[in-house]
Amino acid sequence: MQLTRFILCALSAAGQLGLTVETILREARAELQRDLTLPELETEIRTLADKSLLTIYTPTLGSKRWRITQLGTSVVKEEGLA
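The model shown is predicted, which means the values in this text are computed figures rather than measured ones. (Residues numbered from 1 in each chain as written. Predicted model: local features only at pLDDT ≥ 70, side-chain atom pairs only at ≥ 80, totals over all residues. Heavy atoms only, no water.)

Topic: the overall build of the protein chain
From N to C terminus, the protein chain includes four helices and two strands. From first element to last, N terminus to C terminus, the protein chain shows the α and β order α-α-α-β-β-α. Scaling as 2.2 N^0.38, a compact globule of 82 residues should have a C-alpha radius of gyration of about 12 Å, and the protein chain matches this with 12 Å. The burial tally for the protein chain puts 33% of its 82 residues in the buried class. Restricting the contact set of the protein chain to residue pairs at least 6 apart, pairs at least 24 apart contribute 45%. (Helix = DSSP H or I, 4+ residues; strand = E, 2+ residues; numbered from the N terminus. Rg over C-alpha atoms; globule rule 2.2 N^0.38 Å. Buried < 20%, exposed > 50% of the residue type's maximum accessible area, 1.4 Å probe, protein only. Contact = heavy atoms within 4.5 Å.)

Set out below in structure tokens:
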């Protein structure tokens with residue numbers, strides 16, 4: 001549950017720019033769980049995307065990024081995480 005909240009808060013703060021999975025992993029390891037693996041993070045991100053809380057996009061210049069959806073933003077506000 002902590003990881004879910006961390007991801008939602010990080011992407012909420014990033015706004016429409018979103019974050020790469022590598023950036024999320026680096027920040028999560030620094031602030032939350034030092035031994036977090038990429039597969040664990042990707043599983044959690046996919047779970048949130050399946051719930052329509054996150055979406056992936058590819059900017060014209062750059063690599064794939066995840067960003068929070070309106071529904072995800074609503075959840076963040078309802079949970080008092082923002």
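Points about the packing of helix H1 (residues 2–14) against helix H2 (residues 21–31)
Interhelical geometry of H1 versus H2 gives an angle of 125 degrees and a closest axis separation of 11 Å. Overall, the two elements H1 and H2 adopt an arrangement that is oblique. Once H1 is placed against H2, the crossing between them reads as right-handed. Within the contact between the two elements, H1 uses Leu-3, Phe-6, Ile-7, Ala-10 and Leu-11 and H2 uses Ile-24, Glu-27, Ala-28 and Glu-31. (Axes fitted to C-alpha atoms, helices over the stretch in contact; angles between N-to-C directions. Parallel < 35°, antiparallel > 145°, perpendicular 65-115°, else oblique. Left-handed = near helix turned anticlockwise from the far one by under 90°.)

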